[in-house]
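# Structural overview for review
Here's the letter readout for the chains.
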Amino acid sequence: MWGMQVSELLKTPLFDAHIASGGKIVPFAGYELPVQYKNGALKEYTAVREGAAGIFDITHMGQVRVEGVGALDFLQYVTTNDVSKLVDGQVQYSALLNEQGTFIDDITTYKINDEAYYLCINAANRHKDVAHLQQEATNFDVTVTDESDGTTLLALQGAKAQAALQALTEIDLESIGYYKFSRGKIGPTGGSAGGIISRTGYTGEDGFEIYIPNAIAAEVWNALLVGGAVPIGLAARDMLRTEMGYALYGHEISDVVTPVEAKLMWITKLDKGNFIGKSAVETRKSEGVKQRLIALKLTDRGIPREHYKVFVDGIESGEVTSGMHSPMAGGVALAYVKPEHAIEGDVSIEIRGKLVAAERASLPFVRSNVKK
Amino acid sequence: MSIPADLKYTKEHEWVRIEGDTATFGISDHAQEALGDIVFVELPEIGRSVDAAEAYAVVESVKAVSDIYAPVAGEVIEVNTLLESEPEKLNTEPYGAGWIAKVKMSGNSDELMSDDEYTTFLEE
């Protein structure tokens, strides 16, 4: 994802706003996005974790509209979770698998009504996802439309998120439960338009994800800044999600692992009827896996980083998929290890040629404050 | 951007203060700003011999791991252990409390830049 040609990079409608806030721009998933703003990633992290509100430009995420009388049957077939369990206005974490049972992407499914859904997908996988969905859609009475380019997606996360956003919308935010959404007017007077607000996020704090037309993106962003929200870059966003142990495509999940290894069987409903990848997942489950995702915390000083090797009882067992210095929990990592090492054995992580002692940890690494 | 006049600099954005045969090493204000929030420092062992331009310490910011290179050759005689508990001193006081190590010099300092030369180097 990193290091793409500058000429190929896209800008979100908030590019100028990022520059105005001192954003340090890097290439990410085909977009020019801020890795941090002028006060640095740690202060941004603190704003979200310790009682303020942070605002994130996540417009690079894609939105796909699925419509038609066959929408439910289609989504049951292409996604892993049980879409029949959704009520109107509910969001569900799910995944798209291929026939090998490995991940095409992880997604969220928004149910508008029985014949209309939105899928929120990862930027880096957008074209692959849309091509896959449109191919599969030919067997169902459904249309699949990529609406990414007209939509700005913001996340507003932290204890003050609700108060900051309520000033900008007629939607009663208090009435939106965890993983629920509402539609209505969003934006300051003179700059409002119809959009979607869901109580979802990727930080472990209470907060919202906000879908609005590009035309009002800057007005909404600036109004939230005036309301006290702190702009948050990619670095702090990655810290916040890693502390929660949330999977990131290309790290914990990819087209070489299935939900069995990735600890995502909770979104993979084998009892709901047939879906793409189901038989491969069942086979993987019964035959056993070659690696398992675990959470680790260093007990000595150091920072685990992606691709660092993990040793168990002195034997190389796997590698780190995400690692960081958590201001609250110290050196923490998500890592794949051999299944026989997932529960037992002395764990260490190799950092610059030295083995640094670690212990298995439970997730999340720090307390989650989502409003369930 | 602060560039004190009493220090010498390298193209890798380290500074060195030479007093007799003792040299104190650190990273420049420009370096700390480019690295971003520093959250971990790995210091060299006391007694270690380092060559000029050899990596002698490691600094980790939120996103990146960076080697720090010795401006001059010498033997490490003191390290700033404060940085193990307060690595942010590298950001807040790069020329003061954020110094990294002191060496007993064994080589020359001919390759170093003056403050004026470093200022010009940064502008290029």
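Scroll up to find the structure this text is about.
Residues numbered from 1 in each chain as written. Chains lettered and ligands numbered in written order. Predicted model: local features only at pLDDT ≥ 70, side-chain atom pairs only at ≥ 80, totals over all residues. Heavy atoms only, no water.

### A word on the sheet that holds strand β6 (residues 55–61) of chain B
Residues and elements named next belong to chain B. The sheet built from three strands is open, its strands ordered β4-β6-β7 with antiparallel pairing. With partners counted over all chains shown, the strands left at the sheet margins are β4 (38–42) and β7 (65–69), one partner each. On average, adjacent strands in this sheet sit at an angle of 25° to one another, irrespective of strand direction. Of the strand pairs in this sheet, β4 and β6 are connected by four bridges, and their pairing is antiparallel. Bridged to Glu42 within β6 is Val58. (Pairing = 2+ DSSP bridges. Helix = DSSP H or I, 4+ residues; strand = E, 2+ residues; numbered from the N terminus. Axes fitted to C-alpha atoms, helices over the stretch in contact; angles between N-to-C directions.)

### Some points on the interface of chain B and chain A
Tallying the contact residues gives 16 residues for chain B and 18 residues for chain A. Each partner contributes to the roughly 1,400 Å² buried at the junction of chain B and chain A, and carbon and sulfur atoms together form 49% of this total. Taken together, the connections running from chain B to chain A amount to five salt bridges. Between Glu60(B) and Arg352(A) there is a salt bridge, with the nearest N and O atoms lying 3.1 Å from each other. The interface formed by chain B and chain A holds nine residue pairs in polar contact (both at pLDDT 80 or more) in total. At the level of secondary structure, the elements contributing two or more residues to the side of chain B that touches chain A comprise α1 (29–35), β4 and β6 of chain B. Take the side of chain B that touches chain A: its biggest share by element is four residues, from β4(B). (Contact = heavy atoms within 4.5 Å. Buried area = accessible area lost by both parts, 1.4 Å probe. Salt bridge = Lys/Arg side-chain N within 4 Å of Asp/Glu carboxyl O. Polar contact = N/O pair within 3.5 Å; in protein donor to acceptor, adjacent residues only side chain to side chain.)

### Some remarks on the packing of aromatic side chains
Under the counting rule described, the total for this entry stands at eleven aromatic pairs over all chains. Pairing Tyr110(A) with Tyr211(A) gives two aromatic rings, centres 5.3 Å apart and planes at 80°, and the pair type is edge-to-face. Taken together, the positions of Tyr110(A) in strand β7 (residues 103–113) and Tyr211(A) in strand β13 (residues 207–213) put the pair 101 residues apart, joining distant regions of the chain. Across the pair, Tyr211(A) and Tyr110(A) agree in class, each one buried. With centroids separated by 6.3 Å and ring planes inclined at 25°, the aromatic side chains of Tyr118(B) and Phe121(B) adopt a geometry described as stacked. Taken as a pair, Tyr118(B) and Phe121(B) lie in helix α4 (residues 115–123) at a separation of three residues, close to a single helical turn. Given the relative accessible area of 24%, Phe121(B) is considered partly exposed. Taken together through their ring pairs, the aromatic side chains of Phe74(A), Tyr77(A) and Phe140(A) make up a single cluster. For the cation-ring pair, Lys11(A) lies above Phe15(A), with the distance from its terminal atom to the ring centre recorded as 4.8 Å. (Phe/Tyr/Trp six-rings, centres within 6.5 Å; stacked < 30°, edge-to-face > 60°. Buried < 20%, exposed > 50% of the residue type's maximum accessible area, 1.4 Å probe, protein only. Lys NZ or Arg CZ within 6 Å of the ring centre and 35° of its normal.)

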